[in-house]
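An overview of the molecular structure
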Amino acid sequence: MNKKKLYRSKTDKKLCGVCGGIADYFDIDPTIIRLIWIFLVLCVGTGVLAYFIAALIMPEKD
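This section reports on the structure supplied with the text.

How each quantity is defined
All chains use their own residue numbering, which begins from 1 and follows the written sequence. Selection of residues for local features in this predicted model requires a pLDDT of at least 70, selection of side-chain atom pairs for listing and counting requires 80 or more, and totals for whole chains, interfaces and linings are taken over all residues. Only heavy atoms go into the side-chain values, all of them from the structure, while hydrogens and water stay out. When the centres of two rings from Phe, Tyr and Trp lie within 6.5 Å, Trp using its six-membered ring, the rings pair. Their planes under 30 degrees apart give stacked, over 60 give edge-to-face, and anything left gives tilted. The cut-offs for exposure are 20% and 50% of the maximum accessible area for each residue type, with area from a 1.4 Å probe on protein chains only; residues under the lower value are buried, those over the upper are exposed, and the others partly exposed. A helix here means a DSSP run of H or I that spans at least four residues, while a strand means a run of E at least two residues long, and both kinds are numbered starting from the N terminus. We count a charge as sitting over a ring when the NZ of a lysine or the CZ of an arginine lies within 6 Å of the ring centre and within 35 degrees of the ring normal. Only residues whose relative accessible area exceeds 30% and that form no salt bridge are eligible for patches; like-charged ones are grouped when within 9 Å, while nonpolar side chains (Val, Leu, Ile, Met, Phe, Trp, Tyr) are grouped when within 5 Å. Exposure was quantified through the Shrake-Rupley algorithm and a 1.4 Å probe, taking into account, for residues, occlusion by the shown protein chains and nothing else. Salt bridge, as used here, is a side-chain nitrogen of Lys or Arg placed within 4 Å of a carboxyl oxygen of Asp or Glu. To define a nonpolar core, start from buried Ala, Val, Leu, Ile, Met, Phe, Trp, Tyr and Cys residues and group those joined through side-chain atoms within 4.5 Å. For this analysis, residues touch if any pair of their heavy atoms sits within 4.5 Å.

1. Structural notes on the packing of aromatic side chains
One pass over the full model with this rule turns up three aromatic pairs. Their ring planes at 90° and their centres at 5.1 Å tell us that Tyr-25 and Phe-26 sit as a pair that is edge-to-face. Given the relative accessible area of 53%, Phe-26 is considered exposed. Ring centres 5.3 Å apart and planes at 55° place the aromatic pair Trp-37 and Tyr-51 in the tilted group. Taken together, the positions of Trp-37 in helix α2 (residues 30-44) and Tyr-51 in helix α3 (residues 47-57) put the pair 14 residues apart, joining distant regions of the chain. Judged by relative accessible area, which is 23%, Trp-37 ranks as partly exposed. Relative accessible area serves as the criterion here: at 5%, Tyr-51 is assigned to the buried category. An aromatic cluster of three or more residues is present, and its members are Trp-37, Tyr-51 and Phe-52. One cation-aromatic arrangement involves Lys-4 over Tyr-25; the distance from NZ or CZ to the ring centre is 5.2 Å.

Here it is as structure tokens:
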């Protein structure tokens, strides 16, 4: 069984690679994840905090 794991991306990153890693995990375009993140930042206000917490928790892909 091949388990999927969530990693920060080394190749597709703008800041820390969190959005690129999430996009790899769900097999979708990273731009969609980045747009959702911008929406969370502008509307909810917790997107920045959530991003940096994810950057600290998620390991970087080898």
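2. A word on a nonpolar patch on the surface
On the surface, a nonpolar cluster with roughly 650 Å² of combined accessible area is contributed by Phe-26, Ile-28, Ile-32, Ile-36, Phe-39, Leu-40 and Val-44. As for its position among the elements, Leu-40 is in helix α2. Accessibility expressed as a relative area gives 35% for Leu-40, which makes it partly exposed.

3. Description of the nonpolar core
Judged by nonpolar contacts, Val-18, Cys-19, Ala-23, Ile-33, Tyr-51, Ala-54, Ala-55 and Met-58 together constitute the single largest core of eight residues. Every residue in contact with Ile-33, bar those within four places of it in the chain, is listed here: Cys-19, Ile-22, Ala-23 and Ile-28.

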